[in-house]
Each structure stands twice: as structure tokens, then as C-alpha cells.
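Below are the chains, spelled out letter by letter.
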Amino acid sequence: MSTAAVAVVTEPRAPRRARRRSINLAVGAVLFGLIAVVAVVSLFWTPFSPEETGGGRLLPPGAEHWAGTDRLGRDLFSQLMVGARLAMLVGVGSMAIAAVVGVLVGLVAAIAGPLVDDAVSSLLDIAIAFPTLLLAMLIVAWRGASLESAILAIGLAGSAVVARLTRVTAVRVLGRDFVTAARTSGTGVVGIVGRHVLPNVWPTLIVPLALQFGGAVIAEASLSYLGLGSPPPNASWGRMLQEAQSTVTVAPTAALLPGILLVMTIIGINLLADGVRDVADPASRSIR
Amino acid sequence: MTAPLLDLDALGIDLDDRSLVEAVTVSIAPGERLGIIGESGSGKSLTALAALGLLAHPLRARGSARISTGEGTVDAVTAPQRRLDRVRGAVLGAVFQEPLASLDPLMRVGKQLSWPLARHRGLRGDALRRAVLDALADVQLPEPERIARSYIHEISGGQRQRVAIALALAGSPRLLIADEPTTALDVTVQAGVLDLLQREVSERGMALLFISHDLPVVTRMTDRVLVMKDGRQVEVADTATLVSAPVDPYTQQLVAASRALDDLLPEGPR
């Protein structure tokens with residue numbers, strides 16, 4: 001009954017915003033879904049082996065090689081498919097690292113008391129000010145260039161923002177009366193964090209984590225472009241861009257396609273995040 | 001007189017080097033109903049939080065707030081939180097002013113209530129589910145099944161406060177601290193919640209620490225009253241004595257104000 005009341009109150013100004021948010025959500029879901037499907041399919045099937053150098057060199061798109069071939073005669077479409085898989089892997093992997101590390105650090109800062117909080121917060125300030133790519137390069141220099149290094153580096157770089165956000169939100173939740181009420185019924189710190197803080201912090205993290213995904217895909221492409229990402233023969237979109245650079249006048253599609261896919265992925269995930277945020281926006285729902 | 005359940009001795013609360021509450025000395029015996037009355041900012045709620053050992057970081061307590069656990073006493077001012085976690089809920093329970101804020105918005109009522117029940121009574125599965133419904137029925141909520149499935153924004157203010165009371169009672173505490181439990185409620189709903197509190201307190205033989213700025217309500221709910229003003233203890237007296245023969249000028253003012261209001265009404269609030 002209360003939901004009906006809310007609907008009535010919201011209706012007069014809702015239609016345009018509602019339409020915009022559902023368009024965002026739909027376009028984002030389609031773009032991102034497409035890439036995700038391609039990534040999954042690439043696990044089982046690609047038209048050619050992405051490493052196979054059998055075809056002619058620098059062929060334009062055609063019936064046999066749908067996206068043409070690169071200067072070593074490898075099928076571009078297959079490489080693009082594998083690139084989608086890598087992008088998803090990097091996005092999910094570094095998002096997970098950012099989430100786990102960031103949430104842990106943020107919770108510790110929020111709970112441990114003023115000394116630890118001040119120390120962690122200053123460190124986070126430095127970490128956030130530090131350029132992601134530079135940090136990633138340092139980690140790559142330490143661990144060697146590999147897909148894992150790239151994921152770890154990007155995830156750690158992203159965790160600072162997540163930690164900051166978690167800390168702020170957790171402090172706010174910890175100050176709420178329901179936490180005091182739970183404490184008065186004898187709930188310990190672990191119970192408070194698990195039952196009340198985390199569930200109340202998650203909603204604020206969904207969108208930033210989704211954006212982290214997009215940022216991670218770009219960062220990985222940049223690292224690969226610089227030769228610091230996953231080494232060949234892994235077909236990262238960033239490395240494809242770099243390889244296509246020297247032949248861009250002869251075979252522009254080899255440079256265009258990875259770029260287009262990158263843009264599709266980033267726009268897709270950002271629109272998706274935006275749509276989810278609009279739908280989940282408490283300000284537009286909790287009219288009471 | 002038996003040993004007090006809660007014994008506040010020269011309890012003070014500081015914020016940095018500013019003193020917010022000064023030397024509150026009062027004790028509550030088992031089954032006794034003590035009221036704390038005072039205007040906003042007089043330190044009533046802080047005193048209650050200090051007694052629970054729940055003052056938030058920059059706030060600091062002085063003196064002592066000894067809680068009798070049955071096996072000994074724990075001083076809420078000095079005891080470590082882990083020790084207090086075992087006392088809270090089991091010896092002390094608390095209900096706060098704003099039920100919308102004191103319940104988790106993202107957890108269904110039944111789930112929220114099941115935590116303390118599982119913790120204090122060691123219940124699981126079906127027994128736990130039944131205990132949740134019993135607890136909701138005990139605070140006179142209609143359709144316990146529906147309430148248990150609801151989120152707090154789906155139930156009314158009075159129902160929320162009843163849920164909060166059920167939560168506070170889940171560990172069968174021996175002292176219930178009620179901090180302005182009806183201030184945020186409509187007047188008609190207030191009466192029902194006060195009735196419920198009164199009934200639970202007398203049926204369970206619980207002691208009650210009732211905090212309010214509303215003299216008629218305090219008079220109705222308590223045997224003894226502590227009057228606070230600007231963080232100081234003004235007067236402690238039996239409720240009847242306090243109303244009929246207030247000693248301190250501030251208390252006289254309070255009583256007179258409430259009388260004046262009474263005279264304007266066709267009949268008294270009691």
C-alpha cells in the first residue's frame with residue numbers, strides 16, 4: 001500500500017526521467033551484454049585460432065576473414081573476440097580486487113579508532129592522487145608484464161577510491177541509531193559490520209565499482225598499448241591498437257575495430273551503471 | 001534494600017575539555033521505575049548512553065556506572081566493549097526515540113529480531129521462527145507473519161516502535177532503558193506504546209529507566225524521578241513527592257508549567 005502511495009506522488013514528474021533512465025539502462029545493457037556474450041563465445045569458438053598466421057597479410061574485411069587480417073596474417077575477428085575476453089577478465093578481476101581490498105581497508109579505517117583512521121586516510125589521499133597508470137607501471141616493473149600483474153595493479157589503484165567511499169559510508173552507518181540499538185542488544189563489532197554496516201554500504205559501492213570496471217578496461221588497454229600489459233600472443237585490444245598503428249594508412253580497420261569495441265565497452269558499462277544508479281536512487285524512491 | 005541493578009556514581013561526560021554532564025549520582029533497584037526528566041540538551045540521553053557504555057568517540061565518561069550482572073558488577077565507564085557486549089541485551093535493553101532510525105532499513109523485521117533471539121536464547125530454525133512471531137505478538141502487533149516479512153518503511157510509526165521494543169526485550173533484560181520512546185509518535189499512538197511498556201515492565205518485573213521531557217508521561221510511568229538541567233542533577237525524589245512538593249526552583253517551574261497546561265485542557269491527561 002505504501003508503494004502505491006509513493007507511485008502516485010512521483011508520477012507527475014516521473015515520465016521523462018523514467019524514460020531516460022530506462023533508455024540508459026537498455027542501451028548500456030545491450031552494449032555491455034554484446035561484449036560479454038562475445039567474450040563467453042570466444043572461450044569455445046573463434047572463426048580462426050587468433051594466433052594462426054595462415055591468411056594473407058593485411059587483408060581487408062571480407063567473406064573469409066570478417067574483420068580482415070593483421071600484418072602477420074592473423075584473423076582480426078578472432079583476435080577481437082579474445083580481446084573481449086581479456087577485457088572482461090581485467091574488468092571483473094580488478095573490480096573484485098578493488099572491492100575486496102577497498103572495502104577491507106575502508107572498514108578498518110572506519111572502525112579502528114582515530115589514530116588508525118587518520119593514518120589510513122592520509123595514505124588514501126596519497127594513493128588517490130597517484131596516477132593509476134604510473135602505479136600500474138611500478139607494479140608491472142616489480143612483477144613483470146603479465147595479465148595478472150595488470151589486473152593486480154589496476155585493482156589496487158582502484159581500491160583507494162573504494163576504500164575512501166567505504167570509510168565515509170561506514171562511518172555514517174556506524175553513527176546511525178540502529179547500530180546503537182543493535183549494540184544495546186549485545187551485538188559485537190563483527191556482527192555489527194556483517195549484518196548492518198556491509199549491507200548498508202554495498203548500495204553506494206555498486207555504481208563506483210561499475211565505473212571501476214570501465215576504468216580498468218581502459219587502463220589495461222593503455223598498459224598493453226605501452227607493452228606493459230599481457231604479453232603476446234594474448235590479443236589485448238590495446239596491443240592490437242599499437243600493432244595496427246604502423247599500418248593504419250594501409251589497413252585502417254585493424255586500428256578502428258579495437259577502438260570501437262573499447263568505446264562500446266566503456267560506454268556500455270557507464271550507461272549501465274548510470275541506469276542502475278537512477279533506478280536505485282533513494283532520492284527518487286523514498287518519498288515519505 | 002537489595003543491591004542496585006544500575007548504580008551511577010558521580011557520572012560525568014566530557015567532550016574534549018568541556019563538561020556536558022556533571023556528577024549524576026543515582027541508582028535503580030531491581031523492578032524499580034526511575035524517570036529522568038529535563039529539557040533538550042540537558043544530558044538525559046548522554047547519561048543513558050554512558051550507562052550502556054556506548055558513548056561515541058570524542059565523548060568520554062567519568063565516575064562510574066556499575067551494572068549488576070547477577071554474578072558481579074561491570075562498570076560501563078571502564079569495562080572493555082567485549083565484556084559489555086555480554087551485558088547489553090541480557091541485563092540492559094534499550095528503546096530509542098526515533099524508531100525509523102533505530103531499525104535497519106535494509107533488513108526485514110523478522111530477520112532483525114531473529115539475531116538477538118538467536119544470540120540470547122540459543123534458538124535455531126523453526127524454534128527461532130516461532131520465537132520471532134511470539135515476540136512480535138507479545139508487543140501486540142497484528143499479523144506477526146506479515147510484520148516479520150516487512151521492511152520498516154512498510155509499517156507504521158507505532159508498529160516500528162513496538163518492533164524496537166520487541167528487539168530490546170529479546171534478551172529478557174532486567175533493566176529497560178527507554179529514551180523518549182514516544183516523542184516521535186502521534187499522541188494517540190503514544191498512549192498505546194506507553195501502555196505496552198508499562199505492561200511489559202510489570203509482567204516481567206523489569207526495572208525501567210524512562211527518559212522524557214514530558215512531566216505527565218514521566219509521572220505516569222515512574223516511581224522516582226531525577227530532574228536534570230544543563231547537564232546537572234537538579235533533584236531526585238519520589239514521583240508523587242516531586243509533583244506535589246517540588247523543592248528546586250527549576251522543578252517547581254516544570255511542575256507549574258505542566259499544571260498550567262492541564263488547567264487549559266477540559267480534563268487531565270491521566
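The shown structure was predicted, so the numbers you read here are calculated from the model rather than taken from an experiment.

A. Summary view of the overall build of chain B. When helices and strands are counted, chain B shows ten helices and ten strands. Here the C-alpha atoms of chain B give a radius of gyration of 19 Å, agreeing with the 18 Å that 2.2 N^0.38 yields for 270 residues. Projected onto its principal axes, the C-alpha positions of chain B cover 55 × 50 × 35 Å. For chain B, the residues scored as buried account for 46% of the 270 residues in total. A fraction of 65% describes how many contacts in chain B between residues 6 or more apart in sequence connect residues 24 or more apart.

B. Layout of the overall build of chain A. For chain A, the helix and strand inventory stands at eleven helices and zero strands. Ordered by position in the sequence, the α and β elements of chain A form the string α-α-α-α-α-α-α-α-α-α-α. Residue pairs in contact within chain A that sit at least 24 positions apart in sequence constitute 69% of those at least 6 positions apart.

C. View of helix H7 (residues 177-184) of chain A. Counting buried positions over the eight residues of H7 of chain A gives seven, a clear majority of the element. Among the residues of H7 of chain A, those classed as buried are Phe 178, Val 179, Thr 180, Ala 181, Ala 182, Arg 183 and Thr 184 of chain A. Check the buried side of H7 of chain A and you find it contacts helix H6 (147-174) and helix H8 (189-225) of chain A together with helix H1 (44-52), strand S6 (92-95) and helix H6 (157-169) of chain B. Positive backbone phi, at 95 degrees, marks Gly 186 of chain A, one or two positions downstream of H7 of chain A.

D. Representation of the confidence of the model for chain B in the model. On average, residues of chain B score 88 in pLDDT, and 98% of them are at 70 or above. Across chain B, the element-wise mean pLDDT spans from 84 in helix H10 (residues 249-264) of chain B up to 93 in strand S8 (residues 207-212) of chain B.

E. Region of interest: the interface of chain A and chain B. Each partner contributes residues to the interface: chain A has 18 residues there, and chain B has 30 residues. Taken together, the elements giving at least two residues each to the side of chain A that touches chain B come down to H7 and H8 of chain A. Of the residues forming the side of chain A that touches chain B, the biggest block, six residues, is contributed by H7 of chain A. Its residues assigned to classes, the side of chain A that touches chain B shows four nonpolar, nine polar and five charged.

F. Up close: the pairing of S8 of chain B. Residues and elements named next belong to chain B. Most of S8 sits inside the fold, with six of its six residues counted as buried. Burial along S8 is two-sided: the residues Ala 207, Leu 209 and Ile 211 and Leu 208, Phe 210 and Ser 212 are all buried. Here strand S3 (residues 33-37) pairs with S8 via five bridges, running parallel. Across the sheet, the residue bridging to Gly 35 is Phe 210, located in S8.

G. Up close: the nonpolar core. In terms of nonpolar packing, the biggest core is built from 149 residues, with Ala 50, Ala 166, Leu 175, Ile 177 and Leu 209 of chain B touching the most fellow members. Top element by residues in this core is helix H3 (residues 76-111) of chain A. It accounts for 17 residues. Contact partners of Leu 175 of chain B, with chain neighbours within four places excluded, come to Leu 5, Leu 6, Ile 28, Val 91, Leu 92, Met 206, Ala 207 and Leu 209 of chain B.

H. Broad picture of the pairing of strand S4 (residues 59-68) of chain B. All names here are of chain B. In terms of strand pairing, strand S1 (residues 6-15) meets S4 through eight bridges, oriented antiparallel. By the bridge assignment, Leu 6 is partnered in S4 with Ile 67. Here S4 pairs with strand S5 (residues 73-75) via three bridges, running antiparallel. In the strand pairing of S5, Arg 66 is matched with Asp 75. Adjacent in sequence and paired antiparallel, S4 and S5 are bridged by four residues, among which Gly 70 carries a positive phi angle near 100 degrees.

I. Molecular detail of unusual backbone geometry. Residues and elements named next belong to chain B. With phi around 60 degrees, Gln 140 is a residue other than glycine that occupies positive phi space. The residue Gln 140 is located in the loop between helix H4 (125-138) and helix H5 (144-149) in this model. Here Gln 140 falls in the partly exposed class, since 17 other C-beta atoms lie within 10 Å of it.

J. Local environment of the environment of Glu 52 of chain A. By the secondary structure assignment, Glu 52 of chain A is in the loop between helix H2 (14-44) and H3. Sequence spacing of Glu 52 of chain A and Val 27 of chain A is 25 residues, and the spatial spacing of their C-alpha atoms is 35 Å.

K. Looking closely at helix H9 (residues 237-245) of chain A. The buried count for H9 of chain A comes to seven of nine residues, which makes it a mostly enclosed element. Every buried residue belonging to H9 of chain A is among Trp 237, Gly 238, Arg 239, Met 240, Leu 241, Glu 243 and Ala 244 of chain A, and all of these are buried.

L. Quick peek at the environment of Ala 90 of chain B. Assignment of secondary structure puts Ala 90 of chain B in the loop between helix H2 (81-87) and S6. Sequence spacing of Ala 90 of chain B and Arg 121 of chain B is 31 residues, and the spatial spacing of their C-alpha atoms is 9.9 Å. For Ala 90 of chain B, the contacting residues outside a window of four places in its chain are Gly 186 of chain A together with His 120, Gly 171 and Pro 173 of chain B.

M. Examining the confidence of the model for chain A more closely. All names here are of chain A. Taken over all residues, the pLDDT of chain A has a mean of 83, while the share at 70 or more is 89%. No element of chain A has a lower mean pLDDT than helix H1 (residues 2-10), which averages 45, and none a higher one than H3, which averages 92. Note on residues 1-12: pLDDT is under 50 here. Beyond four places in sequence and across chains, it has seven contacts. Scored below 50 in pLDDT, residues 284-288 shows six contacts in the model against residues more than four places distant or in partner chains.

N. Just the packing of helix H5 (residues 132-143) of chain A against H6 of chain A, in detail. Residue and element names in this part refer to chain A. Packing of H5 against H6 leaves a shortest axis separation of 9 Å and a crossing angle of 140 degrees. The orientation of H5 relative to H6 falls into the category oblique. Here H5 runs over H6; the crossing is right-handed. Counting all contacts with H5, which are made through Thr 132, Leu 135, Ala 136, Ile 139, Val 140 and Arg 143, the residues of H6 involved are Ser 149, Ala 150, Leu 152, Ala 153, Ile 154 and Ala 157. Split into classes, the residues belonging to the contact of H5 with H6 amount to nine nonpolar, two polar and one charged.

O. Quick peek at the packing of helix H3 (residues 109-121) of chain B against H6 of chain B. Residue and element names in this part refer to chain B. Two elements in contact, H3 and H6, have axes separated by 8 Å at closest approach and are oriented at 20 degrees. Taken together, H3 and H6 sit at an angle that is classed as roughly parallel. For H3 against H6, the interelement crossing comes out right-handed. Here Val 109, Gln 112, Leu 113 and Pro 116 of H3 come into contact with H6, specifically with Val 163, Ala 166 and Leu 167.

What counts as what
- Residues numbered from 1 in each chain as written.
- Chains lettered and ligands numbered in written order.
- Predicted model: local features only at pLDDT ≥ 70, side-chain atom pairs only at ≥ 80, totals over all residues.
- Helix = DSSP H or I, 4+ residues; strand = E, 2+ residues; numbered from the N terminus.
- Rg over C-alpha atoms; globule rule 2.2 N^0.38 Å.
- Buried ≥ 20, exposed ≤ 12 C-beta atoms within 10 Å, placed from the backbone.
- Contact = placed C-beta atoms within 7 Å.
- pLDDT = per-residue confidence, 0-100.
- Nonpolar A, V, L, I, M, F, W, Y, C, P; charged D, E, K, R; others polar.
- Pairing = 2+ DSSP bridges.
- Core = buried A, V, L, I, M, F, W, Y, C linked by C-beta atoms within 7 Å.
- Axes fitted to C-alpha atoms, helices over the stretch in contact; angles between N-to-C directions.
- Parallel < 35°, antiparallel > 145°, perpendicular 65-115°, else oblique.
- Left-handed = near helix turned anticlockwise from the far one by under 90°.

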